[in-house]
Amino acid sequence: MANILDNLKKYAGNKKFIIKNAIAWPLIGAGIAGLVVGNKLLNQFESNITGILCPTVVDEESKSEAAGAGAELAVQIEEEGIVLTQNRGGENGKGILPLSESVNRVNIFGRGAIEWHFSGSGSGGIYTSKGKLIDLVDAFESQGILVNHELIDASTSIQSKVKDVNNLHYSTLYTSKTYEPKIEKYQSAYNAAKSFSDTAIVCFGRYAGEGNDLTKSAVTLYGNDSSRTTLDFSKEEEDLLRNVAQDFKNVIVLINSSNPMNLKLIESIPGVDACLVIGTPGNVGAKAIPNVLWGTVTPCGHLTDTYVYDFKTTPNYYNSGYDYFSVYSGSNEYAGSYGDCSYRNEKISYRGRKQACYVDYDDSIYVGYRWYETADAEGYWDRAPYNGYDN
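Model, not experiment: these values are computed from the prediction.

A word on the overall build of the protein chain. In terms of regular secondary structure, the protein chain is built from 11 helices and 8 strands. Expressed as a percentage of its 391 residues, the buried residues of the protein chain come to 41%. At a minimum sequence separation of 6, the contacts of the protein chain that also span at least 24 residues come to 73%. Looking at the protein chain as shown, the accessible area adds up to about 22,500 Å², and 52% of this sits on carbon and sulfur atoms.

Let's shift gears to the pairing of strand β4 (residues 199-206). In terms of burial, β4 is a largely internal element, 8 of the 8 residues being buried. Of the two faces of β4, both are covered, the one formed by T199, I201, C203 and G205 as well as the one formed by A200, V202, F204 and R206. Bridge analysis of β4 against strand β7 (residues 250-257) gives 8 bridges, and the strand direction is parallel. Counterpart to I201 in the pairing with β7 is I252.

The subject of this paragraph is helix α8 (residues 235-247). Compared with the 18 Å implied by 1.5 Å per residue over 13 residues, the 18 Å span of α8 between its first and last C-alpha is a close match. When α8 is considered as a whole, its buried residues turn out to be E236, E237, E238, L240, L241, V244 and A245.

Among the nonpolar cores identified, the biggest contains 40 residues, and F109, V202, L241, V244, V253 and I255 are the most heavily contacted of them. Where this core is concerned, the elements lending two or more residues are α5 (149-159), α7 (187-196), β4, α8, β7, α9 (264-268), β8 (274-277) and α11 (369-377). The biggest single contributor to this core is α8, with 4 residues. Once residues lying within four places of it in the same chain are set aside, the contact partners of V244 are F109, Y190, A200, V202 and V251. Counting 34 residues, the second largest nonpolar core, distinct from the first, contains I108, F118, A139 and V284.

In this section: the pairing of β7. With respect to burial, β7 is a largely interior element, 8 of its 8 residues being buried. Across 4 bridges, the pairing between β7 and β8 is parallel. Looking across to β8, one finds that I252 is bridged to A274.

Turning next to the pattern of salt bridges. Enumeration according to the criterion identifies 6 salt bridges in this entry. Where D247 meets K194, a salt bridge forms, and the shortest distance between an N and an O atom there is 3.9 Å. Taken as a pair, D247 in helix α8 and K194 in helix α7 lie far apart in primary sequence, 53 residues in all. Assessed through its relative accessible area of 28%, D247 is described here as partly exposed. Residue K235 pairs with D239 through a salt bridge whose shortest N-O separation is 2.9 Å. One end of the pair is K235 and the other is D239, both in helix α8 and 4 residues apart, which spans about a single turn. The class for K235 is partly exposed, based on a relative accessible area of 45%. Assessed through its relative accessible area of 30%, D239 is described here as partly exposed. In the salt-bridge network here, residues are joined through shared partners; they are D225, R228, E238 and R242.

The subject of this paragraph is the sheet that holds β7. Read from one edge of the open sheet, 6 strands run β1-β8-β7-β4-β2-β3, paired in mixed fashion. In this open sheet, the two edge strands, each paired with only one partner strand, are β1 (83-87) and β3 (146-147). Where β1 meets β8, 4 bridges bridge the pair, whose relative direction is antiparallel. Pairing of L84 across the sheet is with L276, part of β8. Lying over the sheet, α7 contacts β2 (105-109) and β3, oriented at roughly 155 degrees with respect to β2.

Turning to the side chain of E237, a few remarks are in order. Inspection of the secondary structure assignment puts E237 in helix α8. Its relative accessible area of 3% is what places E237 among the buried residues. Apart from the residues lying within four places of it in its own chain, the contact partners of E237 are T178, E180, F204, R206 and D232.

Analysis parameters
Residues numbered from 1 in each chain as written. Predicted model: local features only at pLDDT ≥ 70, side-chain atom pairs only at ≥ 80, totals over all residues. Heavy atoms only, no water. Helix = DSSP H or I, 4+ residues; strand = E, 2+ residues; numbered from the N terminus. Buried < 20%, exposed > 50% of the residue type's maximum accessible area, 1.4 Å probe, protein only. Contact = heavy atoms within 4.5 Å. Areas by Shrake-Rupley, 256 points an atom, 1.4 Å probe, with all protein chains shown as cover. Pairing = 2+ DSSP bridges. Expected span 1.5 Å × (residues − 1). Core = buried A, V, L, I, M, F, W, Y, C linked by side-chain atoms within 4.5 Å. Salt bridge = Lys/Arg side-chain N within 4 Å of Asp/Glu carboxyl O. Axes fitted to C-alpha atoms, helices over the stretch in contact; angles between N-to-C directions.

Now the structure itself:
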């Protein structure tokens, strides 16, 4: 310690030391400040600096080739993934599919003709604002098939008057809602469709996924229907299907949905010839649909989940939805955050929409076939009104 004190006294008496350090320390401080500011500027403008010093080199020809190859692969995946769940009618009862080459005009019924679902939501979504999107109408017309635009325009004119109809992709409540209008709202166009073509494509869609759970009970353009779930056909959809099945020779149903719907109605209505589950085809996958319908390729997909006829037989039915509302009533508990929405109460919203705070899942491992086979082993399906799992 004595040595340290002696050294301090020695340096304290050295005027050169004092002068030199009086100059050095401010310079060192300025240098440090410069580094701090420089780092902040670098972090802020790093991408700009990199872009100038190391510009990205893009081989546009290779990029175009890769994009084209990707689009072709997407169509192939959709072709091989489409599931043919029903094919009856036609000559000798062998089924109407594939359609004859003489069929070159089609009527497209259903809300799906207007609101085509390209993907699911959240991380399962796609950028619908980037690149060319191929919907059902585009897909048919790209193959030279004439589409009845009068019918589509009539439906569009009705749906454009629906409040918030353009928010279908952004609100749980509106994605759960079915906007199928009553036939009498476009009766003239419906009647004219009979002379346009005897082939009817009826498209039904459902949209749900991450951040967009469906309501448990059906919510329609004309009110709430507690007798049906959102994944059942609404009354308006059922009425449309029954009328089309009666008035047109070839009737094909397309299920444009990422959620398993109750398809029992398809089997029970005479005149509904074919049904295909097409899922959500992405940006360009819809091109696969005419290829399948006209037999260029054979649909070879299989359902990856159990499609039930009564959702009340599934455990998750009792743990989901919010019965007509897009938020749980009185749910003020914190359940995570997303963007500027803390979900602490119903008044807070994200991008103008109200969201559900949470869903309690208590299915454990009993999801899909694990539930059905376990319930069967326990004799659940042998009790009325089920009388057997296989039924």
